[in-house]
Amino acid sequence: MTVRPLSVAEKDRGETAVFVTNDNSIYSGADRFHYDHVIPENATNEQVYASVARDVVRTVATGRSGAVMMYGATGSGKTWTMTGGAGDPGIVQRAITDLFTDLPADQPAAVRLSILEVYNEELNDLLSLNGARLELRQAMCSSGCHVAGLTQVPLTSAPEAMSALARRIANRRVRNTAMNDASSRSHTIITFTLGRNAPRDVVTSQDPEEVVDDVATLHLVDLAGSESGRVISCKDGRRESASINRSLLALGTVVSALSEGVASHVNFRDSKLTRLLQATLTGSGSRVAIICTATPAASQAHETRNTLEFGRRAKKVQIPKQAPQPPTGRELLCGPVLADEHVSRQPQVAADAEMRVCRETRVDQGVGLLINQLRGLGLESMPDVDLLSLIDTLRETMEKVRIAVEGRHKNLIGRRGHYTGKVTPDE
Ligand SMILES: Nc1ncnc2c1ncn2[C@@H]1O[C@H](COP(=O)(O)OP(=O)(O)OP(=O)(O)O)[C@@H](O)[C@H]1O
């Protein structure tokens, strides 16, 4: 939990600070909220990063997945902490520098960058020059989701990553609101994908289609802040605000359920945000840090209280160290694991690997086509029970497709031990 200083405007309005911090606790009246770290208002982003995010980056460099997520009311300092303020780089810049430093020199990794914006329940690719809108697809072989067509830029150094980010992050949507001159109106998910054990020519390849094995991801998530609709005057702003509040409510519900330890009953389907974060919040062995931000201003006491409660629930969430083996999806869709192909057993990693194999064998495209056709039949409004039965039917169909595709593609495994996805004319 970080508490920012009162802003000049807040001081000019005569606002006073209503929360007292001490010993990793925040006192709100008689209530005490205790967290892993409470970072006081005069702290720098460097201190926030060192206390909370550094370990996540270290974890990812060793090949496990991780995420750092900013949560808090509008104007509470999420973007400041994530992308930095005057002369004080944020988590993103520090993570990039450390990620490239931490990667062991003797184990080259292929690093890719993607930036996804969730705006009014639409998915926008911030690295795409034409601002493409994307579709979220359920991975057929795991609980994870897959954003079809998301641009992944290959990176070989920290400066390259910084410049790719600087050019694109400015594209996210902001609006002048009562609490913040440049309020983020969307959730932004910056993702670094690391393919370990990649051959040198793949590490340095500029071809985003080059396939890499043993994937770990680092998600840096800057959530939009909740805000009372009353203070937004224009129609678009109210619509954005309603969409932000709905998705944050869905996230709050998911975190509550996870904090009660009933992962099997958690409903991730209520928003794109929760569907996108599902693998992160439930993936085994991954390391997730949630940084809650708050202003001490009395006028924001209600919003801050919500943030304190969210942080308290989030602290209770335990990500299983060892998750059960992923379902039979990979075998179902893609056949037995090849002897020379290393597939990590972490669900997030396995899900990524599964999606990669699905993509390689064009099965994913087949599913996309089927789903597009089914959309005309009202798939989105279909009751869950019918949807599940439809998925079963699709699985059976895909098994037949798999057998056919596998027969056609089995001789395409390259000499390097991984399939490049490129089909030569005679094949
Ligand atoms: N630790 C800090 N020190 C100084 N100024 C800060 C700090 N944190 C935030 N601010 C300032 O407070 C204002 C709001 O911060 P920021 O834009 O990061 O909020 P936010 O939580 O991302 O809001 P929104 O959800 O509306 O996007 C900005 O003007 C920012 O410069």
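What counts as what
- Residues numbered from 1 in each chain as written.
- Predicted model: local features only at pLDDT ≥ 70, side-chain atom pairs only at ≥ 80, totals over all residues.
- Heavy atoms only, no water.
- Core = buried A, V, L, I, M, F, W, Y, C linked by side-chain atoms within 4.5 Å.
- Buried < 20%, exposed > 50% of the residue type's maximum accessible area, 1.4 Å probe, protein only.
- Helix = DSSP H or I, 4+ residues; strand = E, 2+ residues; numbered from the N terminus.
- Contact = heavy atoms within 4.5 Å.
- Phe/Tyr/Trp six-rings, centres within 6.5 Å; stacked < 30°, edge-to-face > 60°.
- Salt bridge = Lys/Arg side-chain N within 4 Å of Asp/Glu carboxyl O.
- Near = heavy atom within 4 Å.
- Polar contact = N/O pair within 3.5 Å; in protein donor to acceptor, adjacent residues only side chain to side chain.
- Areas by Shrake-Rupley, 256 points an atom, 1.4 Å probe, with all protein chains shown as cover.
- Nonpolar A, V, L, I, M, F, W, Y, C, P; charged D, E, K, R; others polar.
- Pairing = 2+ DSSP bridges.
- Axes fitted to C-alpha atoms, helices over the stretch in contact; angles between N-to-C directions.
- UniProt positions renumbered as here; feature names shortened; annotations may be inferred.

K.L.:
It is not clear to me how the nonpolar core should be interpreted in this structure. Could you clarify?
P.N.:
Ranked by internal contacts, the top residues of the largest apolar core, which has 38 residues, are Met1, Leu116, Leu123, Val147, Leu223, Leu251 and Leu276. For this core, the element with the most residues is helix H7 (residues 235–259), which contributes 7 residues. Those residues in contact with Leu223, other than ones at most four positions away along the chain, are Met69, Met70, Tyr71, Lys78, Ser186, His187, Leu248, Leu251 and Leu273. Membership of the second largest hydrophobic core comes to 37 residues, among which are Tyr49, Ala95, Phe100 and Leu218.

K.L.:
Got a minute to help me understand the packing of aromatic side chains in this structure?
P.N.:
In this description, a pair of aromatic rings is defined by centroid distance and the angle of the planes. Overall, the coordinates contain 1 aromatic pair when judged by the stated rule. Taking 3.6 Å as the distance between ring centres and 5° as the angle between the ring planes, the aromatic pair formed by Tyr71 and Phe310 counts as stacked. Taken together, the residues span a long stretch of sequence, with Tyr71 in strand S5 (residues 66–72) and Phe310 in helix H9 (residues 301–316) at a distance of 239 residues. With a relative accessible area of 11%, Tyr71 lands in the buried category.

K.L.:
Can you help me understand the pattern of salt bridges in this one?
P.N.:
Side chains that differ in charge, positive against negative, can pair when their charged atoms come close. Summed over all chains, the structure comprises 13 salt bridges. Arg305 is the salt-bridge partner of Asp31, the closest N and O atoms lying 2.6 Å from each other. Here Asp31 is found in strand S4 (residues 31–34), whereas its partner Arg305 is found in helix H9, with 274 residues between them in sequence. On the basis of relative accessible area, Asp31 is assigned to the partly exposed category, the value being 32%. You can call Arg305 partly exposed: its relative accessible area is 24%. Members of the salt-bridge network, linked through shared partners, are Asp31, Arg305, Glu309 and Arg312.

K.L.:
Quick question: what am I supposed to make of helix H8 (residues 272–282) here?
P.N.:
Side chains of residues three or four places apart in an α-helix project in the same direction, reflecting 3.6 residues per turn. The buried fraction of H8 is high, at 8 of 11 residues. Along H8, the positions that sit buried rather than exposed are Leu273, Thr274, Leu276, Leu277, Gln278, Ala279, Thr280 and Leu281.

K.L.:
So what exactly am I meant to see when it comes to the site of the ligand here?
P.N.:
Around the ligand, the surrounding shell holds 14 residues, and the nearest of these are Thr74, Lys78, Trp80, Ser183 and Ser184. Lys78 is positioned with one of its side-chain polar atoms (N or O) 2.7 Å from an oxygen atom of the ligand. Note that an oxygen atom of the ligand is positioned 2.7 Å from one of the backbone N or O atoms of Trp80. When the free accessible area of the ligand is taken as 630 Å², the share hidden by the protein chains comes to 76%. It is helix H3 (residues 78–83) that contributes the most residues to the shell around the ligand, 3 residues altogether. Of the residues that constitute the shell around the ligand, the class distribution is 3 nonpolar, 9 polar and 2 charged.

K.L.:
Can you walk me through the sheet that holds S4 in this structure?
P.N.:
Strand pairing in a sheet takes place through backbone hydrogen bonds and is either antiparallel or parallel in direction. Ordered in space as S2-S3-S4, the 3 strands form an open sheet in which the pairing is antiparallel. The open sheet has two edge strands with one neighbour each: strand S2 (20–22) and S4. Adjacent strand axes in the sheet meet at a mean angle of 25°, parallel and antiparallel pairs treated alike. Those strands touched by H9 are strand S3 (25–28) and S4, and its axis lies near 50° from that of S4.

K.L.:
Looking at this structure, I do not really get the UniProt feature "binding site: ATP" (unreviewed entry) in the protein chain. What am I missing?
P.N.:
Under the UniProt annotation, "binding site: ATP" (unreviewed entry) lies at Gly72, Ala73, Thr74, Gly75, Ser76, Gly77, Lys78 and Thr79. Of note, Thr74 is situated in the loop between S5 and H3. Taking relative accessible area as the criterion, Ser76 reaches 2% and is therefore assigned buried. Among residues more than four places away in sequence, those in contact with Ser76 are Arg4, Thr293, Ala294 and Thr295.

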